[in-house]
Amino acid sequence: MMWQRYLLISLITTGLWGCGISTEDELRQWMTDQRNQTRPRVVPIPEPKQFKPESYAQAALVEPFSKEKLTQALKRDSTQTSSNVALIAPELARRKEALEGFPLDAMTMVGSLTKEGQPVALIKVDNLLYQVRPGNYLGQNYGRVMKISEVEITMREIVQDAVGEWVERPSSLQLQERSK
């Protein structure tokens with residue numbers, strides 16, 4: 001216990017001795033020297049450019065936000081879309097068939113037969129079997145059956161292209177061989 005007291009007294013004495021000697025004058029001199037040596041560099045701000053007004057030379061033309069300009073644009077667009085509407089309008093007016101609620105990739109052609117002289121394809125969707133004849137509709141893209149062979153159903157679909165116009169495209173559904 002005695003040695004702990006000596007250790008504590010020596011630590012306190014050493015601490016006070018280190019704090020007692022102060023060279024405050026040297027520190028103040030160093031700060032003054034640093035302040036005198038450091039000079040801020042200020043870059044001058046460039047003069048602002050002089051504003052030069054321009055005259056509006058397009059005043060005689062049609063104003064871009066006028067009703068006339070809007071009417072011209074709407075007429076132009078309506079003539080372009082009328083050709084597209086002629087292709088899709090009959091499809092929108094008719095009643096949907098049962099197989100138009102399923103995408104083509106969910107359908108499987110499992111067979112074909114001839115019934116009353118007409119070819120008939122057998123389509124399996126969700127474990128239900130449907131009979132399809134030429135003129136029936138399949139899929140979600142207004143796919144109309146054009147021809148049925150023993151191994152394939154050929155149809156035409158109406159889809160929108162990248163520009164948004166309705167176009168016809170050929171499509172087919174082929175006979176799926178039974179997997180074992």
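In the block above lies the structure referred to throughout.
Since the structure is predicted, the reported quantities are computational estimates derived from the model, not experimental observations.

**So, the overall build of the protein**
A count of helical and extended segments in the protein gives three helices and seven strands. Ordered by position from the N terminus, the helices and strands of the protein form the series α-α-α-β-β-β-β-β-β-β. Contacts spanning at least 24 positions in sequence make up 38% of the contacts within the protein whose residues lie at least 6 apart. Carbon together with sulfur atoms contributes 56% to the accessible area of the protein, which is approximately 15400 Å² in total.

**Thoughts on the sheet that holds strand β3 (residues 128-132)**
Across the sheet, three strands lie side by side as β1-β2-β3; this open sheet has antiparallel pairing. A single partner strand is all that each edge strand has here, and the edge strands are β1 (108-115) and β3. Direction aside, neighbouring strands of the sheet carry axes that sit 25 degrees apart on average.

**Re the nonpolar core**
Residues Met-107, Ile-123, Leu-138, Ile-153 and Leu-173 are the most contacted members of the largest nonpolar core, which totals 14 residues. Residue assignment for this core shows that the elements contributing at least two residues are β2 (118-125), β5 (143-148) and β6 (152-160). When residues of this core are assigned to their parent elements, the largest contribution, three residues, is made by β2. When neighbours within four sequence positions are excluded, Met-107 is seen to be in contact with Leu-99, Phe-102, Ile-123, Lys-124, Val-125, Leu-138, Gly-139 and Leu-173.

The rules behind each value
Residues numbered from 1 in each chain as written. Predicted model: local features only at pLDDT ≥ 70, side-chain atom pairs only at ≥ 80, totals over all residues. Heavy atoms only, no water. Helix = DSSP H or I, 4+ residues; strand = E, 2+ residues; numbered from the N terminus. Contact = heavy atoms within 4.5 Å. Areas by Shrake-Rupley, 256 points an atom, 1.4 Å probe, with all protein chains shown as cover. Pairing = 2+ DSSP bridges. Axes fitted to C-alpha atoms, helices over the stretch in contact; angles between N-to-C directions. Core = buried A, V, L, I, M, F, W, Y, C linked by side-chain atoms within 4.5 Å. Buried < 20%, exposed > 50% of the residue type's maximum accessible area, 1.4 Å probe, protein only.

Read these as layout, nothing more, since geometry by itself doesn't imply function.
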